[in-house]
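Descriptive structure summary
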Amino acid sequence: MGLTTPDLSVNIGKIKMKNPVTVASGTFGSGQEMADFYDLGRLGAITVKGTSLEPWPGNDYPRTVETSSGMLNAIGLQNDGLDAFVNEKLPFLRQFDVPVIVNVVGQSVDEYARVSEVLGKTEGVHGLELNVSCPNVKKGCLAFGNSPEGIAEVVSAVRSVTDLTLITKLSPNVTDVVSIAKTAVEAGSDALSLINTLLGVAIDPWQKKFRLANITGGLSGPAIKPIALRMVWQVAQAVDVPIIGMGGIMNATDAVEFMLAGADAVAVGTGNFVNPMAAVEIIEGIQEYLMSTNVSDIKQIVGVVGK
Amino acid sequence: MKGIYNCEVIAQSEVSPGVIRSLLRCPEIACQAQPGQFVNVQVSATTTDPLLRRPFSVHAVYPSEGLFSLLYVLVGKGTAMMTKITSGENISVVGPLGRGFDLGNSPDAQHILVAGGCGAAPLHFLSDRLCALWGCKNVKVLVGSRSKDAVLCEAEFISHGVEVEVSTDDGTYGHHGLVTELLKRHLDSSLSTLHSPTRIYSCGPNAMMREVARIAHEAGVSSCQVSLENNMACGLGVCMGCVQKIKGAVPGDTSGTDWHRERVCKDGPVFNAEDIIWD
Ligand SMILES: Cc1cc2nc3c(=O)[nH]c(=O)nc-3n(C[C@H](O)[C@H](O)[C@H](O)COP(=O)(O)OP(=O)(O)OC[C@H]3O[C@@H](n4cnc5c(N)ncnc54)[C@H](O)[C@@H]3O)c2cc1C
Ligand SMILES: Cc1cc2nc3c(=O)[nH]c(=O)nc-3n(C[C@H](O)[C@H](O)[C@H](O)COP(=O)(O)O)c2cc1C
Ligand code: FES
């Protein structure tokens, strides 16, 4: 007992992950820059940066600022667009034995559907994460994620054009995350991921001005972990689909806490910046935790707290 | 190749008020780093405040000893914590990162290095390499600082064997005024007589580099490179946080926009001054 290697595999819809650890969209680029540090095939899945139909220039600089145990970002979803992703980024990722989840963004319901339709027919894409929760763009995104109607519209439009596993990424910037989660599932979402960043501002007291060019940004990092844990726990009680939990995960202990709260898998975001090896160290740490607590299958710990 | 290294701090010393030189053991970085590249330092492994790593240029390398050094100014929380690290302790360093200076390919080019404040940090490593590559007689360094006690690396540049000129804002040492005035003077006096190409390399406050770029452009200097220090979150090219506006549309962009954004941490920190849109 105790010494046999535990089963770390989990399924998120049709996506088979060899372990429950992925990376959070926007904190890993398209993987290429991180491949110098480790074999990307060790990850449970790779979730890439938000991708829109056409290239987006993003917001003005400064775009990031550090806060107590966290950071604000207002990148504004700068990305090279769908064609560049499919033609220039994806071929690199196909070399690795790892499912690829593409984070999809759009300024209209139609844009979400068109990006998703193309990706659904593209070899090497295993899942779509619908970002209806980015707080940093004026049009689209959070405008949809804020209301059950908006979510329902985006998810069903995408559902009707693809059979790929659909993961809806929820915003914490809402009063009732549970009702939004239920709506996403009813509209056809196979899984949920949460949380995206929390809307915040930072002020420079000496220059008496906002620190971010965009004024507001999204808060991530250890500072948001309690909120993320609470939301994962609440949503896990209310829905039957798999959940990918994220928000301030820096080490294996954090990751285990999310799974105990009800997450089937976890994503490492800001933690990648602090320790580029964080995701693989977390995989190893989860395995050690399971062995030291005599658990043979990771699925056994999901949601055991608060049931 | 870049990596995460656990580096032993060999020594830290205050070289002028509020400026610290740190000597670190890391054979990989010492052997691989190129002038203009930087490292990302975790200032404390035990706290999440400060959370992010701090970027610092490689100031010098000693490949045969497996050592490299940083030169940093005490600015805020992170650098204050760094000063507390004692010899023998280890810190986590990611690097070498970014794209460094292009040292040119002409044996008879004149190289002018323009440093503002702590911009001397990467230029020190650069002057060392330029000397090794092209000979010190072709290298000149202009060092600008606030006042006499803030002048950085003058002795080290001289010990490389390069010619150094200093300016101070308050006139307590060297030329009274801006380092860009020294540059202008130098170009005015030498360009008419020199037939060899001139290459300028600069690191310092943005306002200074912008002026360096303008002067270089007006003088028709063949290459002017600047090293930017935009705020960074990841330093790895994955967050898109450190972007700088660069002239020219991205290939395939039909929207009519004649600029795009590049990542300072990955596509830079060294850029051709001509390409930069200074805000
Ligand atoms: C490529 C590069 C090379 C650099 N090389 C040097 C060097 O050789 N010597 C040196 O003294 N300084 C250098 N800097 C600046 C140095 O990174 C900052 O002074 C340092 O991060 C300040 O940290 P702090 O916690 O003391 O300050 P705080 O003001 O408390 O920092 C708060 C946040 O802002 C960031 N930050 C603040 N100022 C800067 C800045 N100018 N550039 C980037 N991030 C900043 C910090 O990383 C941190 O996230 C370099 C910056 C870059 C981008
Ligand atoms: C710099 C940065 C960029 C991000 N970009 C995206 C994005 O493109 N799409 C998305 O759905 N979430 C994006 N996020 C949110 C993260 O995926 C994640 O939900 C959030 O950061 C919380 O996790 P963390 O605390 O571990 O970072 C971004 C976060 C950061 C810090
Ligand atoms: S700091 Fe993250 S892309 Fe440059």
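Refer to the structure presented above.
The following paragraphs examine the structure supplied in this document. Counting restarts for each chain, with residues numbered from 1 along the sequence as it is written. Labels are handed out in written order, letters beginning with A for the chains and numbers beginning with 1 for the ligands. Whole-chain, interface and lining totals are the exception, using all residues; otherwise, since this is a predicted model, local features are given only for residues with pLDDT of at least 70 and side-chain atom pairs are given and counted only at 80 or more. Excluded from the side-chain calculations are hydrogens and water; all other atoms, namely the structure's heavy atoms, are used.

1. Points about the overall build of chain B
- Looking only at helices and strands, one finds six helices and 16 strands in chain B.
- We compute the radius of gyration from the C-alpha atoms alone; for a globule the expected value is 2.2 Å times N to the 0.38, where N is the number of residues. For chain B, the C-alpha radius of gyration of 19 Å lies close to 19 Å, the compact-globule estimate for 279 residues.
- Out of the 279 residues belonging to chain B, those deemed buried represent 55%.
- Pairs of residues are marked as contacts when any of their non-hydrogen atoms sit within 4.5 Å. Within chain B, residue pairs in contact and separated by at least 24 positions form 66% of the contacts whose partners lie at least 6 positions apart.
- Accessible surface is estimated by sampling points in the Shrake-Rupley manner with a 1.4 Å probe; for residues, cover comes only from the protein chains shown. Only carbon and sulfur atoms are counted for the fraction: they give 51% of the accessible area of chain B, which is about 11,500 Å². Helix numbering and strand numbering both begin at the N terminus, where a helix is a DSSP run of H or I of at least 4 residues and a strand a DSSP run of E of at least 2. Whether a residue is buried, partly exposed or exposed follows from its accessible area with a 1.4 Å probe, protein chains only, as a fraction of its type maximum: under 20%, in between, or over 50%, in that order.

2. Re the sheet that holds strand 9 (residues 165-169) of chain A
All names here are of chain A.
- Pairs of strands are assigned from DSSP output, requiring at least two bridges between the strands. If you walk across this open sheet you meet the eight strands as 3-16-15-10-9-8-7-4, and the pairing is parallel. A strand with exactly one partner marks an edge of an open sheet, and here the two such strands are strand 3 (21-23) and strand 4 (46-51). Direction aside, the axes of adjacent strands within the sheet are offset by 25 degrees on average.
- What counts as an axis is a line fitted to C-alpha atoms, over the stretch in contact for a helix, and the angles between N-to-C directions run from 0 to 180 degrees. Where helix 6 (residues 225-238) meets the sheet, its contacts fall on strand 10 (191-194) and strand 15 (243-246), and the angle it forms with strand 15 comes to roughly 165 degrees.

3. Quick notes on the site of ligand 1
Residue and element names in this part refer to chain B.
- Residue proximity to a molecule or strand is established when one non-hydrogen atom of the residue lies within 4 Å of it. Around ligand 1 there are 20 residues in total, and Pro55, Val73, Gly78, Thr79 and Asn231 lie nearest to it.
- Side-chain atoms alone can form a polar contact between residues adjacent in sequence; in general such a contact is a pair of N or O atoms within 3.5 Å, and within protein one must be able to donate a hydrogen while the other accepts it. Backbone polar atom of Pro55 to an oxygen atom of ligand 1: 2.6 Å apart, as the coordinates give it.
- Within the complex, 83% of the 820 Å² of free accessible area of ligand 1 lies under protein.
- A molecule is said to occupy a pocket when more than half its atoms come within 2 Å of that pocket's grid points, and by this definition ligand 1 occupies the largest pocket.
- Among the secondary structure elements, those contributing two or more residues to the shell around ligand 1 are strand 4 (54-57), strand 6 (67-73) and helix 2 (77-83).
- Counting residues per element, the shell around ligand 1 draws most heavily on strand 4, which supplies four residues.
- Residue polarity follows a fixed list, in which Ala, Val, Leu, Ile, Met, Phe, Trp, Tyr, Cys and Pro are nonpolar, Asp, Glu, Lys and Arg are charged, and the others, Gly among them, are polar. Partitioning the shell around ligand 1 into residue classes produces ten nonpolar, six polar and four charged. In this analysis, the protein atoms alone were mapped onto a 1 Å grid. Cavities are point sets where a 1.4 Å probe fits without being able to get out; pockets are open sets with protein on both sides within 12 Å along at least five of seven lines; lining residues have an atom within 4 Å of a point. In this description, a molecule resides in a pocket or cavity if more than half of its atoms sit within 2 Å of the grid points defining it.

4. Brief notes about the state of the cysteines
Residue and element names in this part refer to chain B.
- Cysteine sulfur atoms that come within 2.5 Å of each other are treated as a disulfide pair. In total, this model carries one disulfide over all chains according to the counting rule given.
- Each sulfur in the disulfide pair Cys131 and Cys136 lies 2.4 Å from the other. Given an S-S torsion of about 130 degrees, the disulfide between Cys131 and Cys136 has right-handed geometry.
- Looking at Cys131, the relative accessible area reads 11%, which means it is buried.
- Free of any disulfide, Cys7 has its nearest neighbouring cysteine sulfur in Cys26, separated by 4.0 Å.
- The class of Cys26 is buried, set by a relative accessible area of 2%.

5. So, the packing of helix 7 (residues 252-261) of chain A against helix 9 (residues 278-292) of chain A
Residues and elements named next belong to chain A.
- The geometry of helix 7 relative to helix 9 is characterised by a closest axis approach of 8 Å and an angle of 65 degrees between their N-to-C directions. Considering the relative orientation of helix 7 and helix 9, their crossing is right-handed. Judged by residue contacts, Ala252, Ala255, Val256 and Leu260 of helix 7 engage Ile282, Gly285, Ile286 and Tyr289 from helix 9.
- For the contact of helix 7 with helix 9, the residue count by class is seven nonpolar, one polar and no charged. For any helix crossing, the convention is left-handed if the near helix is rotated counterclockwise from the far helix by under a right angle, and right-handed if that rotation is clockwise.

6. As for the site of ligand 2
- Surrounding ligand 2, one finds 25 residues, the nearest of these being Ser25, Lys169, Gly221, Gly248 and Thr270 of chain A.
- Around ligand 2 the close residues trace back to chains A and B.
- Here an oxygen atom of ligand 2 sits 3.2 Å away from a polar atom, N or O, in the side chain of Lys49 of chain A.
- Here an oxygen atom of ligand 2 and a backbone polar atom of Gly269 of chain A are 3.2 Å apart.
- Within the complex, 98% of the 610 Å² of free accessible area of ligand 2 lies under protein.
- The site holding ligand 2 turns out to be the largest cavity.
- When grouped by side-chain class, the residues that make up the shell around ligand 2 number eight nonpolar, 15 polar and two charged.

7. A few points about the interface of chain A and chain B
- Counting residues at the interface gives 32 residues for chain A and 30 residues for chain B.
- Carbon and sulfur atoms make up 59% of the area that chain A and chain B hide from each other, which totals about 2,600 Å².
- What makes a salt bridge here is a side-chain nitrogen of Lys or Arg within 4 Å of a carboxyl oxygen of Asp or Glu, nothing more. The interface formed by chain A and chain B contains four salt bridges.
- The partner of Arg263 of chain B in a salt bridge is Glu33 of chain A, with the nearest N and O atoms 3.0 Å apart.
- Put simply, chain A and chain B have 14 residue pairs in polar contact (both at pLDDT 80 or more) between them. Here the quantity called buried area is the total loss of accessible area, with a 1.4 Å probe, experienced by two parts when brought into contact, counted for both.

8. Here we look at the layout of surface pockets
- Grid points are joined across faces, edges and corners, and a volume is the space filled by probe spheres set on the points. Considered as a void within the structure, the largest pocket measures approximately 1,500 Å³ in volume.
- Along its surface, the largest pocket is lined by 40 residues, and Arg54, Val75, Glu229, Asn231 and Met232 of chain B are the ones closest to its centre.
- The set of elements that each furnish at least two residues to the lining of the largest pocket consists of strand 5 (64-67) and strand 13 (209-210) of chain A together with strand 4, strand 6 and helix 2 of chain B.
- Taken as a whole, the second largest pocket encloses approximately 1,100 Å³ of empty space.
- Along the wall of the second largest pocket there are 39 residues; nearest its centre are Pro55, Asn79, Asp80 and Gly81 of chain A together with Val250 of chain B.

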